[in-house]
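Residues per chain, in single letters:
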Amino acid sequence: MALDTMVTEKQLVVFDLSAEAYGVDIGSVREIISMQDITKVPETPAFVEGIIDLRGKVIPVVDLRKKFGLPEVERDKDNRIVVVDIAGQDIGVV
């Protein structure tokens with residue numbers, strides 16, 4: 001093996017969605033929170049669940065199952081909202 005070969009590691013937050021594992025770069029994840037009440041917003045795309053208030057900041061929440069056209073399931077205590085930074089905007093994904 002050559003000495004100039006570099007191995008880079010990437011840390012991911014991994015979550016399951018419809019029996020598939022997905023990962024998000026840990027550097028983009030702001031926090032992971034328990035499910036909470038989501039306020040619906042009229043005239044938004046079907047995959048936009050609404051908004052939440054996270055310590056005084058309004059965060060839009062997207063349902064990845066709806067966005068990817070996957071079957072919906074009933075939410076339970078194991079569901080989480082992952083707050084990620086996408087192009088400088090914090091967005092919650094279920």
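Residues numbered from 1 in each chain as written. Predicted model: local features only at pLDDT ≥ 70, side-chain atom pairs only at ≥ 80, totals over all residues. Heavy atoms only, no water.

**Focus on the overall build of the chain**
Part 1 of the argument: Within the chain, the regular secondary structure consists of one helix and seven strands.
Part 2 of the argument: Listed N to C, the secondary structure of the chain is β-β-β-β-β-α-β-β in terms of helices and strands.
Part 3 of the argument: By the compact-globule yardstick of 12 Å for 94 residues, the chain is too spread out, its C-alpha radius of gyration being 16 Å.
Part 4 of the argument: Taken along its principal axes, the extent of the C-alpha atoms in the chain is 60 × 30 × 25 Å.
Part 5 of the argument: Here the chain, with 94 residues, has 27% of them falling under the buried criterion. (Helix = DSSP H or I, 4+ residues; strand = E, 2+ residues; numbered from the N terminus. Rg over C-alpha atoms; globule rule 2.2 N^0.38 Å. Buried < 20%, exposed > 50% of the residue type's maximum accessible area, 1.4 Å probe, protein only.)

**Digging into the side chain of Asp 90**
Part 1 of the argument: Tracing the backbone through its elements, the reader meets Asp 90 in strand S7 (residues 89-93).
Part 2 of the argument: In this structure the side chain of Asp 90 is engaged in a polar contact, spanning 3.3 Å, whose partner is the side chain of Arg 30.
Part 3 of the argument: Among the polar contacts made by the side chain of Asp 90, one reaches the side chain of Lys 57 at a distance of 3.0 Å. (Polar contact = N/O pair within 3.5 Å; in protein donor to acceptor, adjacent residues only side chain to side chain.)

**Looking at the pairing of strand S2 (residues 20-25)**
Part 1 of the argument: With six bridges joining them, strand S1 (residues 12-17) and S2 adopt antiparallel strand pairing. Following the sheet pairing, Val 13 is matched in S2 by Val 24.
Part 2 of the argument: Here S1 folds back onto S2 in antiparallel fashion, the turn holding two residues, of which Ser 18 has a positive phi close to 55 degrees. (Pairing = 2+ DSSP bridges.)

**A few points about the sheet that holds strand S6 (residues 80-86)**
Part 1 of the argument: Spatially, five strands are ordered S3-S6-S7-S5-S4 in an open sheet, and the strand pairing comes out mixed. Edge strands, defined here as strands with exactly one partner in the open sheet, are strand S3 (29-34) and strand S4 (48-54). The mean inter-strand angle of the sheet, taken between neighbouring strand axes irrespective of direction, is 30 degrees.
Part 2 of the argument: Pairing geometry for strand S5 (residues 57-62) and S7, over two bridges, is parallel. Bridging across to S7, Val 62 finds its partner in Val 93. (Axes fitted to C-alpha atoms, helices over the stretch in contact; angles between N-to-C directions.)

Functional significance is not addressed by these values, which are geometric in nature.
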